[in-house]
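Structure at a glance
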Amino acid sequence: PISAIPFYRGGSPLNWMIINGENEAGASLLVVDGGIDTGPVVAQRKFNICGLNFIEASERANLEFKAMFEFICQDIEAMIKNAKPQDTSVGSHYTTRVPEDSEISFKAMLDWEIERRCRALVPPIKRPFFNFSGIEVQIVQADICRRDFFGPAGRVAGRFEGGVVVICRNRGVCIRKISVNDKI
């Protein structure tokens with residue numbers, strides 16, 4: 001799994017790590033057992049994901065998996081024999097994301113929650129979206145505003161900082177790219 005086991009067991013771990021603001025992710029090679037990501041750990045590496053989007057973090061994870069695989073292939077039988085059992089009473093488990101999880105609410109969410117979801121949720125996972133006058137609008141890119149923008153949550157503050165600033169629960173977020181009907 002793309003996680004530093006025992007944390008982020010289960011589905012969509014890298015997406016959840018970005019959404020939760022983790023600075024570090026992990027790549028783990030396990031012996032498969034009857035549980036979900038609970039088998040003995042053959043090898044594990046950690047790597048920085050601070051500020052990365054899902055694609056960039058996935059590419060980084062693939063490099064880590066490649067390096068681990070090359071290492072364990074030197075003596076795979078010994079590596080599996082010496083795999084470390086997990087303490088399944090510690091760690092965390094996350095569910096697989098579903099399309100409905102991508103819906104955002106400017107009134108309920110903070111600016112950084114929306115920005116992280118934009119980095120974490122990319123196709124084939126449904127992008128973060130909201131409905132405007134009955135039309136689904138997907139957010140392709142959003143950034144934390146450099147300046148403070150305030151007002152009623154959900155209101156458009158205007159065109160600033162190279163995008164459209166929409167007020168969230170705490171302050172404005174800069175929406176730089178959107179998609180409507182699969183057109184960016």
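Everything that follows concerns the structure shown earlier in this document.
For every chain, the first residue of the written sequence is number 1, and numbering continues from 1 along that sequence. In keeping with the model being predicted, local features are shown solely for residues with a pLDDT of at least 70 and side-chain atom pairs are shown and tallied solely at 80 or more, while totals for entire chains, interfaces and linings include all residues. With hydrogens and water stripped out, all remaining heavy atoms of the structure feed into the side-chain values.

1. Comments concerning the pairing of strand E2 (residues 24-30)
Put simply, the rule is: When a residue's accessible area, from a 1.4 Å probe over protein chains only, is under 20% of the maximum for its type it is buried; when over 50% it is exposed; and in between it is partly exposed. The helix and strand labels rest on DSSP assignments: H or I over at least four residues marks a helix, E over at least two residues marks a strand, and numbering proceeds from the N terminus. Criterion used throughout: strands pair if DSSP finds at least two bridges between them.
Counting buried positions along E2 yields 5 of 7 residues, so the element is predominantly enclosed. The pairing of E2 with strand E3 (residues 41-48) spans 7 bridges and is classified as antiparallel. For Ser28, the partnering residue across the bridge sits in E3 and is Gln44.

2. Observations concerning helix H4 (residues 111-120)
Residues spaced three or four apart along an α-helix point in a common direction, a consequence of the helix completing one turn every 3.6 residues. Selection rule: Here a residue-residue contact requires only that any non-hydrogen atoms of the pair lie within 4.5 Å.
Burial within H4 is extensive, with 9 of its 10 residues counted as buried. Looking at H4, one finds that the buried residues are Asp111, Glu113, Ile114, Glu115, Arg116, Arg117, Cys118, Arg119 and Ala120. The secondary structure elements touched by the buried residues of H4 are helix H1 (13-19), helix H2 (54-72), strand E6 (135-144) and strand E9 (172-179).

3. Observations concerning the packing of aromatic side chains
Our working definition: Aromatic pairing here means that ring centres of Phe, Tyr or Trp (its six-membered ring) are within 6.5 Å. Orientation follows from the plane angle: under 30 degrees is stacked, over 60 is edge-to-face, and everything else is tilted. When the NZ atom of lysine or the CZ atom of arginine is within 6 Å of a ring's centre and also within 35 degrees of its normal, the charge is said to sit over that ring.
In the structure shown here, the tally under the stated rule is 4 aromatic pairs. Between Tyr8 and Tyr94, the aromatic rings sit 4.6 Å apart at their centres with planes inclined by 10°, giving stacked as the arrangement. Here the residue Tyr8 occupies a position in the segment before strand E1 (9-10), and Tyr94 occupies one in strand E4 (residues 93-94), the gap between them amounting to 86 residues. Here Tyr94 falls in the partly exposed class, since its relative accessible area comes to 21%. Seen in terms of ring centroids, Trp16 and Tyr94 are 5.3 Å apart; in terms of plane orientation they differ by 40°. Their pairing is tilted. Separated by 78 residues along the polypeptide, Trp16 in helix H1 and Tyr94 in strand E4 bring together distant segments of the chain. These aromatic residues form a ring-pair network of at least three members: Tyr8, Trp16 and Tyr94. The aromatic ring of Trp16 is capped on one face by Arg97, whose charged end is 4.6 Å from the ring centroid. Note that Lys126 overlies the ring of Phe129, its terminal NZ or CZ placed 4.2 Å from the centroid.

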